[in-house]
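A look at the structure
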Amino acid sequence: MSAADIAIDLAIDLQEINVTFKRNDESLVALDNVSLQVEKGSIYGIIGYSGAGKSTLVRIINLLQRPNAGSVNILGQDLLSLHDKELRGVRKKVGMIFQHFNLLRSRTVLNNIEYPLLSQKMSRSKRHAKALELLKLVGLEEYAKAYPDELSGGQKQRVAIARALANNPDVLISDEATSALDPQTTADILQLLKHLNEKLDLTIVLITHEMQVIKSICQNVAVMENGRIIENGSVSEVFTAPKQTLTQKFVESAANVTEMR
Ligand SMILES: Nc1ncnc2c1ncn2[C@@H]1O[C@H](COP(=O)(O)OP(=O)(O)OP(=O)(O)O)[C@@H](O)[C@H]1O
Ligand SMILES: [Mg+2]
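Residues numbered from 1 in each chain as written. Chains lettered and ligands numbered in written order. Predicted model: local features only at pLDDT ≥ 70, side-chain atom pairs only at ≥ 80, totals over all residues. Heavy atoms only, no water.

Thoughts on the site of ligand 1
In the neighbourhood of ligand 1, 13 residues make up the surrounding shell, with Ser-50, Gly-51, Lys-54, Ser-55 and Thr-56 lying closest. In the model, an oxygen atom of ligand 1 is placed 3.0 Å from a nitrogen or oxygen of the Gly-53 main chain. Contact distances for ligand 1 include 2.7 Å between an oxygen atom and a side-chain N or O atom of Lys-54. When ligand 1 is considered free in solution it has 640 Å² of accessible area, and contact with the protein chains removes 62% of it. Listing elements by their share of the shell around ligand 1, those giving two or more residues are strand E1 (10-23), strand E2 (26-39) and helix H2 (54-61). (Near = heavy atom within 4 Å. Polar contact = N/O pair within 3.5 Å; in protein donor to acceptor, adjacent residues only side chain to side chain. Areas by Shrake-Rupley, 256 points an atom, 1.4 Å probe, with all protein chains shown as cover. Helix = DSSP H or I, 4+ residues; strand = E, 2+ residues; numbered from the N terminus.)

Re the domain arrangement of the chain
Reports often express the size of an interface as the amount of accessible area lost when the parts come together. When its domains are assigned, the chain resolves into domain 1 (3-93 + 172-260) and domain 2 (101-168). Spacing between the C-alpha centres of domain 1 and domain 2 amounts to 25 Å. On the side of domain 2, 13 residues touch domain 1, which itself brings 14 residues to the contact. Buried area between domain 1 and domain 2, both sides added, is near 1,100 Å², and the carbon and sulfur share of it is 73%. Between domain 1 and domain 2 we count zero salt bridges in total. One can count three residue pairs in polar contact (both at pLDDT 80 or more) joining domain 1 with domain 2. With eight residues, the single largest contributor to the side of domain 1 that touches domain 2 is helix H7 (residues 183-200). Residues that form the side of domain 1 that touches domain 2 fall into these classes: nine nonpolar, one polar and four charged. (Domains from an automatic or database assignment. Contact = heavy atoms within 4.5 Å. Buried area = accessible area lost by both parts, 1.4 Å probe. Salt bridge = Lys/Arg side-chain N within 4 Å of Asp/Glu carboxyl O. Nonpolar A, V, L, I, M, F, W, Y, C, P; charged D, E, K, R; others polar.)

As for H2
Most of H2 is tucked away: six of the eight residues are buried. Every buried residue of H2 is listed here: Lys-54, Thr-56, Leu-57, Val-58, Ile-60 and Ile-61. (Buried < 20%, exposed > 50% of the residue type's maximum accessible area, 1.4 Å probe, protein only.)

Comments concerning the sheet that holds strand E3 (residues 43-47)
Read from one edge of the open sheet, six strands run E6-E7-E8-E3-E9-E10, paired in mixed fashion. Edge strands, defined here as strands with exactly one partner in the open sheet, are strand E6 (94-98) and strand E10 (228-234). Between one strand axis and the next, the sheet turns by 15 degrees as a mean value, whatever way the strands run. Sheet contacts for helix H6 (residues 153-164): E6 and strand E7 (171-175); angle to E6, the most-contacted strand, approximately 165 degrees. (Pairing = 2+ DSSP bridges. Axes fitted to C-alpha atoms, helices over the stretch in contact; angles between N-to-C directions.)

Notes on the sheet that holds strand E5 (residues 77-78)
Spatial ordering of the open sheet is given by E2-E1-E4-E5, a layout of four strands whose pairing is antiparallel. At either margin of the open sheet sits one strand with a lone partner, and together these are E2 and E5. Pairing analysis gives five bridges linking E1 to strand E4 (residues 69-74), with the strands arranged antiparallel. Counted as the bridge partner of Leu-14 is Val-72 from E4. Running at roughly 125 degrees to E1, H2 makes contact with E1, E2 and E4 of the sheet.

A closer look at the packing of aromatic side chains
Working definition: an aromatic ring pair is given by the centre-to-centre distance plus the angle between the planes. Enumeration according to the criterion identifies one aromatic pair in this entry. Ring centres of Tyr-49 and Phe-250 lie 5.1 Å apart, and the angle between their planes is 50 degrees; on these two criteria the pair is classed as tilted. A residue pair is termed long-range when its members are at least 10 positions apart, and Tyr-49 in the loop between E3 and H2 and Phe-250 in helix H10 (residues 245-260) qualify at 201 residues. Since its relative accessible area comes to 43%, Tyr-49 is described here as partly exposed. (Phe/Tyr/Trp six-rings, centres within 6.5 Å; stacked < 30°, edge-to-face > 60°.)

Focus on the pairing of E7
Judged by how many residues are buried, E7 sits mostly within the fold: five of five residues are covered. Of the two faces of E7, the one lined by Val-171, Ile-173 and Asp-175 and the one lined by Leu-172 and Ser-174 are each fully buried. In this sheet, E7 lies alongside E6 in parallel orientation, the contact comprising five bridges. Bridge pairing links Met-96 to Ile-173 in E7. What joins E7 to strand E8 (residues 203-208) is H7, and the crossover it makes is right-handed. (Right-handed = clockwise from strand over helix to strand, strands pointing away.)

Quick look at the structure:
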């Protein structure tokens, strides 16, 4: 069998990424030779403590952060070789959700979801229909005319997810999207992400500092510390035989949570 026969279909292929930030005279290495490969249609978890470099790493995926060295291949395209216009096209295929939802308070739920579509040549009625369809997908169809302040945290995150899906992305990045939510709401949002992964064949990269989150929906996991991926593999492998001390700590914490429940 040739290499091509066994090649898996990658949504994300980052190779030997370095990012160095300069502050005054000091330079800080935020990403130190990081490589990450995410298979299409999978859910990939990235875990690490604050400052490990998780957000910097996922900002490389849509080139919101340019690396000092390395290669960035997303959905089969070498992003570093693209012109602005082509880059904007790829960025539309990568949706993002965050801890603080980032909804526009002065706009209704429906208008928030329509927002990413405003820059497109699309009729008003088509845009409405698309936003309503997305609202249904996240289970909030009765809330179209509500304002963000009238929603619970979990509901706000559902709206943010719907908005992130407006451009029919192939990849969804979730940067601590459940960190502000209680355990039950976290579980609901994770199940929604799992559902969207299956229904839309959406590749998901999920950042968290809780191993429980990884355990519930991810197939693969990378553990980050000081700008490096110190361990990665399938969730079952890493949970059964964690190699690094930090990984062992995370695995233990997940076991404790399970026991408490
Ligand atoms: N724009 C920037 N300029 C300078 N330093 C930065 C910048 N962005 C991030 N850093 C630094 O890079 C390191 C990694 O930051 P990053 O935000 O990627 O961490 P993180 O793992 O996402 O942390 P958290 O869990 O707190 O979100 C930190 O030391 C941070 O201070
Ligand atoms: Mg972060």
